Structure formats: structure tokens, C-alpha cells
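Letter by letter, the chains look like this.
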Amino acid sequence: MTIRLNRRSALGLGTVATAGTVLGAAAPASAAETTEAAPTTPARAARRVASVFTRHSAEAGGNWQAYVSVADPAGTPVVAVAADADRRIEAYSVNKIAVATAVLDKVDRGLLTLDQRVEVTAEIVVPGGDGIFSLDGAYPSSVTLGHVLATFLTVSDDTSVRLCGLVCPAAEINAILVAKGFPNTQVQLVANPNRYFLGTSTPRETHDLLRALVGGTLLSPASTTYMLGLLRSPVAFTDGIRRTMSSDERARIATKAGWYGDARHEAGVIFDRSGAAVLTYALFADGQANPEDFGATHPAVQARAVMGPKFLAAVDRIAGVGKTFRISARRPSNGG
């Protein structure tokens, strides 16, 4: 498999070198990824996570920029992976978390409500885009802002990007994110003030935004619970970190993926069994083989599908930190 080298990789500053040195040299995969009992300290869990990331990102090839930490009840999170973590890159749909943050900030301030109506016209629908609005085939229609955000953060609907822009213009999104401490997590402005490209972030800022979300400092308790409910729902992204997990295990993970061109990104939070955040990840990847493959067989997506259960196992005996976010049991319905 060909691994594309950039300047940082050539100097020994790339994914494998960085991930292996955050907590000292990572243990060989054969030692760190056995079926032995899960680690019982955050530092040991972080070393296990680092080994998993190093092995499977290298196998997938391409470029990886990442930041992953394990919660530590005794203090600050233990950094497991810091691979080119401050590089500002195109975040694609991972930045839908940031856009939703701006929209929900306006909800918290009483400027918007989840039950207000948003008009869906034929002109605003992204033809052939991901999601469901482009499948409707009947316009105009009217949906609630809550419906827009639900499709935005679960099936990653492209038309919802434009619908969010109707209630929170692009410049306002950026201003809200800067005020919250995320100057590198910005959408890209275009001529139409209500339109934008999803823009940039860094692995560290995406990680820190998620930490602020679960820490209760980003949004109100109601908006925090609402967003995490969407990101942890069964219909949220399942091709990557959550692919080979039970429904109960999937419910312990809030995740959002982003894909465009040759990039395949994913960021989220793993919760302990009580519902407290225990691991936060921001995994950005590009340059792998088969850029035309947007399915589950893309090398970077396959790598994350292997990492997911191993990350979960690594922290399974570690207590999370902060507020607990329990998820309501969801069962399939047969109609009626």
C-alpha cells in the first residue's frame, strides 16, 4: 500500500511519530491490542488508544491529522493522539456540529425556536446531494427548525446547510464561533450571505468544541442534550467508528462524519456506561486510495471501523467525567 508522504512525515513529525510519543513510545500492536482486560487507568487507556490509532492509520495510508484524549477524573484529559493537531484543514460535514452550535446558541438566546417553520423551496434544494430533502420531489414544503437540525446532524443532509443559513447567516455563524473561542472553526463565506461552504477547523479545535459541549460550557443544558441526542441516535453515522457495534454500544457514542473529495473525517465522544464522557476524538484523513468510494469500503472509513470497538474497549473500565447524558431506549416499530 502506498502512503503519501508530506513534509511533516518526511521529517518524522507525522501521524505515527506523533501518536507514539504523546505518552512515550507506543507498545507494539501485538501487546497493546490483545484481548486482555481493559486498562484501568486513563494513562494506560490512552496508550492503548495511541497504539490502535498508529497501527490502523498507517495501514490505511494517506495523511492523518488527529487529536484524541481520555478523560481523567483526577484532572485534565490525558492526550492519546496528537497528530498534526493544529493544522487548519477543510472539515467538511464535521463542521455541521459547529454550525448547529451557532444555530442552537440563537435558540438559547431566544432568537430562534426549534418549532418555528422553515420553507423548503425547489431553488434551495441541493440536487443529488446527501440526505433526504433532495429525494422529496415535491416543493415547496415547510418543516420545523428542529427537523432541519435533525437531518443536518444525522443523515448529514446537504440542503440543511442552506436551511440553517436562512436562520443564521454565514457571517453570524463565524462570529458566534469566534466568541465561543473557536477562531479556526469557520465556515467559508460566499456572495450570498445566507449560503456558505462548510469551511475549516483543526483537530484540536474540533476536539475542544466537543469537550465544551459535553462539559456544559458551549450551550444550554437543553440544547446540549438535544444535540447529543441527535449525534447518538441510531440513524446517526454508522459506517465508521460505530460500524461493528451493538445498538447499546452505538448509543454510547456521539459522532459526526464528513466526506468530500479524497477526505474522510469523523469526530465524536465515547461515553462510559453511566453516560459520562470518557473519550473524545477528532480524526481527519485524506489522500488514501479510492477517493471515488464514499461507502464503507474506503480505506480510511475501514480503519475507523476497526478503531471504534478498540477505542471503546480501551476505555471500558475508565470512569468518565462531568455530567451524565443518558439516552432513552429506542426500539424498532412495526407501525400501528
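Residues numbered from 1 in each chain as written. Predicted model: local features only at pLDDT ≥ 70, side-chain atom pairs only at ≥ 80, totals over all residues. Heavy atoms only, no water.

1. Here we look at the confidence of the model for the chain
With 89% of its residues at a pLDDT of 70 or more, the chain shows a mean pLDDT of 90. Contacts from residues 23-32, a stretch scored under 50 in pLDDT, to residues over four places away or in other chains number 16 contacts. (pLDDT = per-residue confidence, 0-100. Contact = heavy atoms within 4.5 Å.)

2. Focus on empty space enclosed by the protein
The full count for this structure, using the stated rule, is one cavity of 30 Å³ or more. There is about 50 Å³ of room inside the largest cavity. Val94, Asn95, Ile97, Ala98, Thr185, Thr206, Leu209 and Leu210 are the residues that line the largest cavity. Of all elements in the fold, only α5 (96-108) and α10 (203-215) reach the threshold of two or more residues within the lining of the largest cavity. Here the lining of the largest cavity gets three residues from one element, more than from any other, and that element is α10. Split by residue class, the lining of the largest cavity holds five nonpolar, three polar and no charged. (1 Å grid on protein atoms, 1.4 Å probe; cavity = no way out; pocket = protein on both sides within 12 Å on 5 of 7 lines; lining within 4 Å. Points joined across faces, edges and corners; volume = space filled by probe spheres on them. Helix = DSSP H or I, 4+ residues; strand = E, 2+ residues; numbered from the N terminus. Nonpolar A, V, L, I, M, F, W, Y, C, P; charged D, E, K, R; others polar.)

3. Quick look at the packing of aromatic side chains
Summed over the entire model, instances satisfying the criterion amount to four aromatic pairs. Relative to Trp64, the ring of Phe53 lies with its centre 5.9 Å away and its plane at 85 degrees, an arrangement referred to as edge-to-face. Here the residue Phe53 occupies a position in helix α4 (residues 42-60), and Trp64 occupies one in strand β1 (residues 63-72), the gap between them amounting to eleven residues. Assessed through its relative accessible area of 0%, Phe53 is described here as buried. The ring of Phe271 has Arg232 sitting right over it, with the charged end atom 4.4 Å from the ring centre. (Phe/Tyr/Trp six-rings, centres within 6.5 Å; stacked < 30°, edge-to-face > 60°. Buried < 20%, exposed > 50% of the residue type's maximum accessible area, 1.4 Å probe, protein only. Lys NZ or Arg CZ within 6 Å of the ring centre and 35° of its normal.)

4. Focus on helix α7 (residues 145-153)
With respect to burial, α7 is a largely interior element, seven of its nine residues being buried. Taken as a whole, α7 has its buried residues at Leu145, Gly146, Val148, Leu149, Thr151, Phe152 and Leu153.

5. What about the sheet that holds strand β6 (residues 186-189)?
Strand pairing in a sheet relies on backbone hydrogen bonds. The paired strands run either parallel or antiparallel. Across the sheet, three strands lie side by side as β3-β7-β6; this open sheet has antiparallel pairing. Two strands bound the open sheet, and with one partner strand each, they are β3 (89-90) and β6. Where β3 and strand β7 (residues 196-201) come together, two bridges link them in antiparallel fashion. Paired with Glu90 across the two strands is Thr200, which belongs to β7. (Pairing = 2+ DSSP bridges.)

6. Things to note about the packing of α7 against helix α11 (residues 221-231)
With their axes 9 Å apart at the nearest point, α7 and α11 run at an angle of 45 degrees to one another. Relative to α11, the element α7 is oriented oblique. The way α7 lies across α11 gives a crossing that is right-handed. Between α7 and α11, the residues in contact are Gly146, Leu149, Ala150 and Leu153 and Tyr226, Met227, Leu230 and Leu231, respectively. When grouped by side-chain class, the residues that make up the contact of α7 with α11 number seven nonpolar, one polar and no charged. (Axes fitted to C-alpha atoms, helices over the stretch in contact; angles between N-to-C directions. Parallel < 35°, antiparallel > 145°, perpendicular 65-115°, else oblique. Left-handed = near helix turned anticlockwise from the far one by under 90°.)

7. Concerning the packing of α5 against helix α9 (residues 170-179)
Direction vectors running N to C along α5 and α9 enclose 90 degrees, while the axes themselves pass 9 Å from each other. The angle between α5 and α9 falls in the class roughly perpendicular. Between α5 and α9, the contacting residues are Ala98, Val99, Ala102, Asp105 and Lys106 on the first element and Glu172, Ile173, Ile176 and Leu177 on the second. Its residues assigned to classes, the contact of α5 with α9 comprises six nonpolar, no polar and three charged.

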